Amino acid sequence: MSTPSPQASNKAQWDVSAGVIDMETSEEIDSNDVSNTEMETPLEKRLRLKIDLRLCTIAGILCSLNLLDSGVISSAAVTSLPTDLGLTGNRFSIAIFIFTISSIAFQLPSTLAVRTFGPRLWFSFITFSFGVITMSTAFIQTWQQMIALRVLLGAAMSGIYPGLTYLISTWYPRREQQTRFAFLQVGEVVILATGGIVNFGLNQLNGRGGIAGWRYMFLVQGLISIVIGLVTYFWMVDFPENAHRSFWFLTAEEQELAVARINADRKDVEPDEFAWSKVFVHAKDPKIYGFAVMFFLLNLVSTSLSYFLPSILQSGLGFSENEAILLNAPPYYYAVIPVLLSSIVGDKFRLRGPVIIFNCITLIIGFSLLGFAKQDAVRYLGTFLATGAYVSNWAALSAYQANNITGQWKRAFTAATVTALNGAGGIAGSFIVRYQEAPWYPTAIWVSIGSHILMIAIVAVFSVYFHFANKLAASGKIILEGVEGFRYTL
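Residues numbered from 1 in each chain as written. Predicted model: local features only at pLDDT ≥ 70, side-chain atom pairs only at ≥ 80, totals over all residues. Heavy atoms only, no water.

**Comments concerning the packing of aromatic side chains**
Part 1 of the reasoning: Following the criterion strictly, the structure yields 27 aromatic pairs and no others.
Part 2 of the reasoning: Where F274 meets W276, the ring centres are 5.2 Å apart and the plane angle is 75 degrees; that geometry is what we call edge-to-face.
Part 3 of the reasoning: Judged by relative accessible area, which is 38%, F274 ranks as partly exposed.
Part 4 of the reasoning: W276 gets classed as partly exposed once you look at its relative accessible area, which sits at 45%.
Part 5 of the reasoning: Seen from their ring centres, F274 and W409 are 5.2 Å apart, and the 70 degrees between their planes marks the pair as edge-to-face. One end of the pair, F274, is in the loop between α9 (252-265) and α10 (276-280); the other, W409, is in helix α16 (residues 408-432), with 135 residues separating them in the sequence.
Part 6 of the reasoning: Classification of W409 by relative accessible area gives buried; the value is 8%.
Part 7 of the reasoning: Members of the aromatic cluster, connected to one another through ring pairs, are F291, Y400, F462, Y465, F466, F486 and Y488.
Part 8 of the reasoning: Here the basic side chain of R115 rests over the ring of F239, its NZ or CZ set 3.7 Å away from the ring centre. (Phe/Tyr/Trp six-rings, centres within 6.5 Å; stacked < 30°, edge-to-face > 60°. Buried < 20%, exposed > 50% of the residue type's maximum accessible area, 1.4 Å probe, protein only. Helix = DSSP H or I, 4+ residues; strand = E, 2+ residues; numbered from the N terminus. Lys NZ or Arg CZ within 6 Å of the ring centre and 35° of its normal.)

Listed below in structure tokens is the structure:
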């Protein structure tokens with residue numbers, strides 16, 4: 001492990017232009033002041049690179065497990081799995097539905113457990129558990145057994161995304177967060193896309209050793225997840241004030257600077273002593289529910305695409321079973337480009353709302369092509385635009401909520417709440433793609449378009465509110481988020 005940090009880290013003074021942030025005089029926290037990014041020293045750049053390489057890499061891999069699950073089960077859906085397990089009627093949708101219900105139920109306690117047990121122990125435990133349950137799916141014989149394992153899988157997965165969103169938001173100033181959430185999304189979609197290609201290869205083993213191809217999918221990817229869970233214990237980092245507990249990470253000087261950077265940005269490094277009342281008091285903030293509704297609307301679309309894209313390609317666009325699995329990958333590889341570009345622009349100009357609106361418009365165009373174009377090539381292009389837009393908005397929305405709240409327990413509560421509504425969107429999304437509506441899927445098309453028109457409206461309301469709240473704070477009439485000098489990010 002690195003050298004333990006001195007207890008005086010909260011009082012450390014660093015003048016950014018010379019390598020230091022003065023914690024006694026840094027009272028004004030202006031989210032629209034871009035000049036700070038031009039005053040970095042080599043020490044601060046080296047620190048950020050270290051955090052990126054350790055935290056964002058493993059976070060992207062762990063968050064990919066959720067999409068990896070959707071990739072496995074969607075690829076398996078066009079194999080013999082439905083017939084082998086008796087997944088007739090709505091049973092396949094129920095399997096997705098029950099996974100999401102379980103995930104929602106455990107999200108808040110699992111997110112708080114990241115603080116209680118520490119990121120290294122908790123994330124390694126739930127990742128290892130995810131791998132064991134996924135591998136076990138390879139041996140089930142009935143749809144009832146699948147439902148039971150999906151409940152356990154949802155519980156294991158529940159803390160990964162909100163927990164990592166919470167952890168990342170504690171390590172970076174607000175001006176750097178969207179690009180880091182984009183790194184997380186890049187890891188997710190690249191692994192998901194690669195997983196689709198791996199699933200294609202595994203499906204070629206169908207019948208080898210008397211084992212169906214879909215069973216190889218769950219077996220191999222479960223084993224991979226188990227290995228990742230073991231590696232996570234050594235690779236994952238702790239919170240900034242506890243960075244000295246991480247293996248081979250920061251020096252004492254680097255840890256002091258990491259803490260000082262966050263305190264200069266929003267003064268919330270150290271959490272208050274835990275009490276449920278300190279968590280649930282934030283339930284009175286209506287902003288949190290606005291963010292949560294937007295995640296619901298986003299996942300309404302993303303779930304329908306990620307779980308059902310191979311089915312759309314097969315029954316909607318007429319590709320064969322293996323072609324549908326293989327063609328599932330390119331839209332996710334493409335998504336790397338827009339998520340990185342939009343996030344770099346968002347961080348550079350400290351804009352969140354306009355980036356979200358741009359991505360919403362792009363998604364609407366993509367679904368319009370998918371739903372109304374006559375040529376298969378044009379409809380397939382629509383899946384690229386839609387996939388790139390919703391992946392980009394995952395990073396943008398994560399930064400949007402994280403930039404506009406302060407306090408450790410509020411961050412944990414918000415991360416769990418928005419992820420819970422995100423999961424509820426997954427429930428709805430699992431039902432809007434109806435096989436009987438192939439090849440045009442009008443319900444999925446119109447719901448997806450309408451949800452993003454509503455998302456644009458919510459961002460517009462937030463933008464107006466944030467603008468006038470910032471003006472009142474600048475005039476000294478109110479204090480935002482209980483932090484002197486805090487300003488909302490538009």
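**Examining the environment of A59**
Part 1 of the reasoning: With respect to the secondary-structure elements, A59 resides in helix α1 (residues 42-76).
Part 2 of the reasoning: When its relative accessible area of 0% is taken as the criterion, A59 is described as buried.
Part 3 of the reasoning: Measuring from C-alpha to C-alpha, the distance between A59 and Y161 comes to 8.7 Å, with 102 residues separating the pair along the chain.
Part 4 of the reasoning: With residues near it in sequence (within four places) discarded, A59 still touches L164, I168 and L184. (Contact = heavy atoms within 4.5 Å.)

**Brief notes about the confidence of the model for the protein**
The predicted coordinates of low-pLDDT regions are not to be read in fine detail.
Part 1 of the reasoning: Per-residue pLDDT for the protein averages 86, and the proportion of residues at 70 or more is 90%.
Part 2 of the reasoning: Predicted confidence for residues 1-38 stays below pLDDT 50, and this span has 98 contacts to residues more than four positions away or in other chains. (pLDDT = per-residue confidence, 0-100.)

**A look at a nonpolar patch on the surface**
Part 1 of the reasoning: A contiguous nonpolar patch, built from F117, L121, Y233, F234 and W248 and spanning about 570 Å² of accessible area, is present on the exposed surface.
Part 2 of the reasoning: When you line up the elements, F234 lands in helix α8 (residues 213-235). (Patch = residues over 30% accessible without salt bridge, like charges linked within 9 Å, V, L, I, M, F, W, Y side chains within 5 Å. Areas by Shrake-Rupley, 256 points an atom, 1.4 Å probe, with all protein chains shown as cover. Salt bridge = Lys/Arg side-chain N within 4 Å of Asp/Glu carboxyl O.)

**Describing the nonpolar core**
Part 1 of the reasoning: Ranked by size, the top nonpolar core spans 127 residues in total, and within it L55, L62, W171, M294 and F367 carry the most contacts.
Part 2 of the reasoning: A per-element tally of this core places α1 first, with 14 residues.
Part 3 of the reasoning: Not counting the four nearest positions on each side in its chain, L62 is found in contact with F123, T127, I160, L164, I228, T232 and M236.
Part 4 of the reasoning: With five residues, the next largest nonpolar core counts L300, V433, Y441 and A444 among its residues. (Core = buried A, V, L, I, M, F, W, Y, C linked by side-chain atoms within 4.5 Å.)

**Quick notes on the pattern of salt bridges**
Part 1 of the reasoning: The full count for this structure, using the stated rule, is 17 salt bridges.
Part 2 of the reasoning: Linking R115 and E241 is a salt bridge whose minimum nitrogen-to-oxygen distance equals 2.7 Å. Note that R115 is positioned in helix α3 (residues 91-117) and E241 in the loop between α8 and α9, a separation of 126 residues in sequence. Take R115 and E241: they sit in the same class, and that class is buried.
Part 3 of the reasoning: A salt bridge links D265 to R266, with the nearest nitrogen and oxygen atoms 2.9 Å apart. Accessibility classification places D265 together with R266 in one group, the buried group.
Part 4 of the reasoning: The network of salt bridges with shared partners includes E44, R48, R175, E176 and R261.

**What to know about the packing of α3 against helix α6 (residues 160-171)**
Part 1 of the reasoning: It is at 8 Å that the axes of α3 and α6 come closest, and there the two elements cross at 40 degrees. Comparing the axis directions of α3 and α6 gives the class oblique. As α3 packs across α6, the resulting crossing turns out to be right-handed. Contacts between α3 and α6 pair Q107, T111, V114 and R115 from the former with P162, G163 and Y166 from the latter. (Axes fitted to C-alpha atoms, helices over the stretch in contact; angles between N-to-C directions. Parallel < 35°, antiparallel > 145°, perpendicular 65-115°, else oblique. Left-handed = near helix turned anticlockwise from the far one by under 90°.)

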